[in-house]
Amino acid sequence: MQGRNGKSMIKLIKSTFFHESEVKEKLVDFIRSADVLSMGANCFLFEKQFSAKQQRRNAVFVSSGSMANLVLVQALLNLGRLKKGDRVGVSALTWSTNVMPIIQLGLEPVILDVELNNLNTSLKILKETHKKTKLKALFLTNALGFSADIDSIKEFCNQEKIIFLEDNCEALGSKVDGKLLGNFGLASTFSSFVGHHFSTIEGGMICTDDDELHQMLLMVRAHGWDRNLNEEQQTKLRNANKVDDFYARYTFYDLAYNARPTEIQGFIGQSQLVYWDEIVSKRESNFKSFTGAVKNNKDIIPLEISHLDLVSNFAMPLVFKTNKLFLEYKDKFIKSNVEIRPIIAGNISNQPFFKKYIKQSFSCPNAEYIHKNGFYFGNNPEMTEAEMSELCGLIR
């Protein structure tokens with residue numbers, strides 16, 4: 001794609017999938033030969049492969065990362081682990097559909113500010129919030145591949161009996177203390193939207209080591225029926241509700257959605273999972289080059305991420321020390337044909353949807369500062385040496 005001054009644009013996303021032409025050829029053959037394209041064997045195989053790679057016992061594939069969040073919250077309500085009116089802490093710097101399910105399902109969102117030097121909620125902020133407003137759950141976003149002191153957050157949640165969940169849609173592959181982000185909470189959600197770490201075009205995943213939650217997630221994903229449960233769970237439900245096997249196919253046990261993915265998504269997911277290590281490695285390498293350039297620029301607030309073993313993100317954030325500098329660099333990147341975006345949505349409680357339904361205001365000065373003084377550009381595994389050189393030069 002050519003920019004306005006004849007130079008090629010450095011885009012956030014270069015292609016629909018990694019190794020796109022090869023994957024498309026395989027996909028065409030698959031579609032021609034497939035007997036069934038609704039959710040089936042390829043989706044289930046992708047779940048097994050994903051859970052193994054993420055190092056969690058269970059994975060449930062759904063139609064999008066947003067649906068992953070909705071299905072997870074509904075499953076916890078169905079199990080009685082959350083109740084209507086419970087207060088749920090949410091990171092201020094997050095995506096809309098991390099917060100929307102909390103409002104939609106009758107829970108009370110409590111917005112937590114983030115740290116300027118890692119864009120994430122910290123234990124200090126969590127403690128201050130919990131002291132004022134007792135939380136039943138924390139749905140933490142691992143924003144842009146980073147985290148704060150997530151191991152300490154987990155310990156605190158355990159002590160205070162706070163249900164700890166991770167929205168890991170932006171941090172696939174990042175590690176703290178040798179542990180993948182997404183493996184600290186009771187459950188975690190992922191996105192395989194085209195713009196994220198690897199693509200199934202649209203798609204999401206929920207991971208957990210909790211078998212009871214896993215069984216409920218399977219029901220919530222598909223109408224509330226028992227078709228995807230193991231035989232033991234099916235028998236238990238049917239006996240408890242006096243359901244005969246003939247009627248079982250159309251018996252619905254709890255509140256649910258249709259969040260099923262397709263076999264096309266499952267097939268693409270398997271093809272992309274093969275490249276997981278390559279994708280993460282390239283993003284990590286690019287990120288190191290970008291942070292090396294940032295070190296030489298006193299206009300930019302440096303990231304404090306020494307506690308992270310590995311950073312895998314799909315975009316590189318730059319937060320500037322003044323709004324004047326932000327505007328100067330924003331103009332410079334745009335004129336150089338670099339596609340840039342705001343750093344997510346700033347303080348999510350300032351968004352119109354939030355103010356419409358939640359009357360309480362939340363002071364999140366750091367999230368607001370990031371929104372007004374920062375932007376991000378793409379970090380994708382298909383960056384060329386010339387593009388990396390151009391971007392690092394702009395940063396310096």
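Residues numbered from 1 in each chain as written. Predicted model: local features only at pLDDT ≥ 70, side-chain atom pairs only at ≥ 80, totals over all residues. Heavy atoms only, no water.

Broken down by element type, the chain carries 15 helices and 13 strands. When its C-alpha atoms are laid out on the principal axes, the chain stretches across 70 × 55 × 40 Å. Relative to its full complement of 396 residues, the chain shows a buried share of 58%. In the chain, once contacts between residues fewer than 6 apart in sequence are set aside, the share between residues at least 24 apart is 74%. With the model as given, the accessible surface of the chain reaches about 17500 Å², and the carbon-plus-sulfur share is 51%. Here the chain contributes 48 positive and 45 negative side-chain charges, whose respective centroids are spaced 5 Å apart. (Helix = DSSP H or I, 4+ residues; strand = E, 2+ residues; numbered from the N terminus. Buried < 20%, exposed > 50% of the residue type's maximum accessible area, 1.4 Å probe, protein only. Contact = heavy atoms within 4.5 Å. Areas by Shrake-Rupley, 256 points an atom, 1.4 Å probe, with all protein chains shown as cover. Lys, Arg positive; Asp, Glu negative; His and termini not counted. Charge placed at Lys NZ, Arg CZ, Asp CG, Glu CD.)

Another point: the pairing of strand β3 (residues 108-112). Summarising burial for β3: four of the five residues are buried, a large majority. Sheet analysis places strand β2 (residues 87-91) next to β3, joined by five bridges and oriented parallel. Across the sheet, V88 pairs through a bridge with P109, a residue of β3. Between the parallel pair β2 and β3, the chain is carried across by helix α4 (residues 96-104), and the sense of this crossover is right-handed. (Pairing = 2+ DSSP bridges. Right-handed = clockwise from strand over helix to strand, strands pointing away.)

In this structure the tally under the stated criterion is 19 salt bridges. Among the salt bridges present, the one from E20 reaches K24, with a minimum N-O distance of 2.8 Å. Placement of the pair is E20 and K24 together in helix α1 (residues 20-33), with a separation of four residues, close to one helical turn. Its relative accessible area of 19% is what places E20 among the buried residues. Take K24: its relative accessible area is 41%, and that puts it in the partly exposed class. The partner of R32 in a salt bridge is D29, and the shortest N-O contact between them spans 3.8 Å. With R32 and D29 both in helix α1 and three residues apart, this pair spans about one turn of that helix. Residue R32 is classed as exposed on the basis of its relative accessible area of 67%. Judged by its relative accessible area of 47%, D29 is partly exposed. Through salt bridges that share partners, K11, E339 and R341 make up one connected network. (Salt bridge = Lys/Arg side-chain N within 4 Å of Asp/Glu carboxyl O.)

Strand order in the open sheet formed by three strands is β7-β6-β10, and the pairing between neighbours is antiparallel. Where the open sheet ends on each side, the last strands, each with one partner, are β7 (179-180) and β10 (308-310). Here two bridges tie strand β6 (residues 175-176) to β7, and the two strands are oriented antiparallel to one another. By the bridge assignment for β7, K175 is matched with L180.

A word on the layout of surface pockets. Counted as a void, the largest pocket has a volume near 760 Å³. Taken together, 42 residues line the largest pocket, and the ones lying closest to its centre are F193, V194, G195, H196 and F314. Mapped onto the lining of the largest pocket, the elements with two or more residues apiece are α3 (65-78) and β13 (374-378). A total of three residues in the lining of the largest pocket trace back to one element, the largest contributor, which is α3. A breakdown of the residues in the lining of the largest pocket according to their chemical character gives 16 nonpolar, 17 polar and nine charged. (1 Å grid on protein atoms, 1.4 Å probe; cavity = no way out; pocket = protein on both sides within 12 Å on 5 of 7 lines; lining within 4 Å. Points joined across faces, edges and corners; volume = space filled by probe spheres on them. Nonpolar A, V, L, I, M, F, W, Y, C, P; charged D, E, K, R; others polar.)

The final tally for this structure, using the stated rule, is one cavity of 30 Å³ or more. Reported here for the largest cavity is a volume of approximately 70 Å³. Every residue lining the largest cavity is listed: F46, F50, F61, L172, F190, S191, S192, H197, F198, G204 and M205. Broken down by secondary-structure element, the contributors of at least two residues to the lining of the largest cavity are α2 (41-54), β8 (187-191) and β9 (204-208). Looking at side-chain class alone, the lining of the largest cavity contains seven nonpolar, four polar and no charged residues.

With that out of the way, let us pick up unusual backbone geometry. Residues other than glycine predominantly adopt negative phi, and peptide bonds predominantly adopt the trans conformation. Residues other than glycine seldom take positive phi values, yet L119 does so here, at roughly 65°. Structurally, the position occupied by L119 is in the loop between β3 and α5 (123-132). The class of L119 is buried, set by a relative accessible area of 1%.

Here the focus is the packing of α5 against helix α6 (residues 150-160). Close contact between α5 and α6 brings their axes to 9 Å; oriented N to C, the two are set at 25°. In terms of axis orientation, α5 runs roughly parallel to α6. The way α5 lies across α6 gives a crossing that is right-handed. When α5 is examined against α6, the residues L123, L126, K127 and H130 are found in contact with a partner set consisting of S152, I153, F156, C157 and E160. (Axes fitted to C-alpha atoms, helices over the stretch in contact; angles between N-to-C directions. Parallel < 35°, antiparallel > 145°, perpendicular 65-115°, else oblique. Left-handed = near helix turned anticlockwise from the far one by under 90°.)

Note that every value here comes from positions in space, so none of it alone points to a role or purpose.
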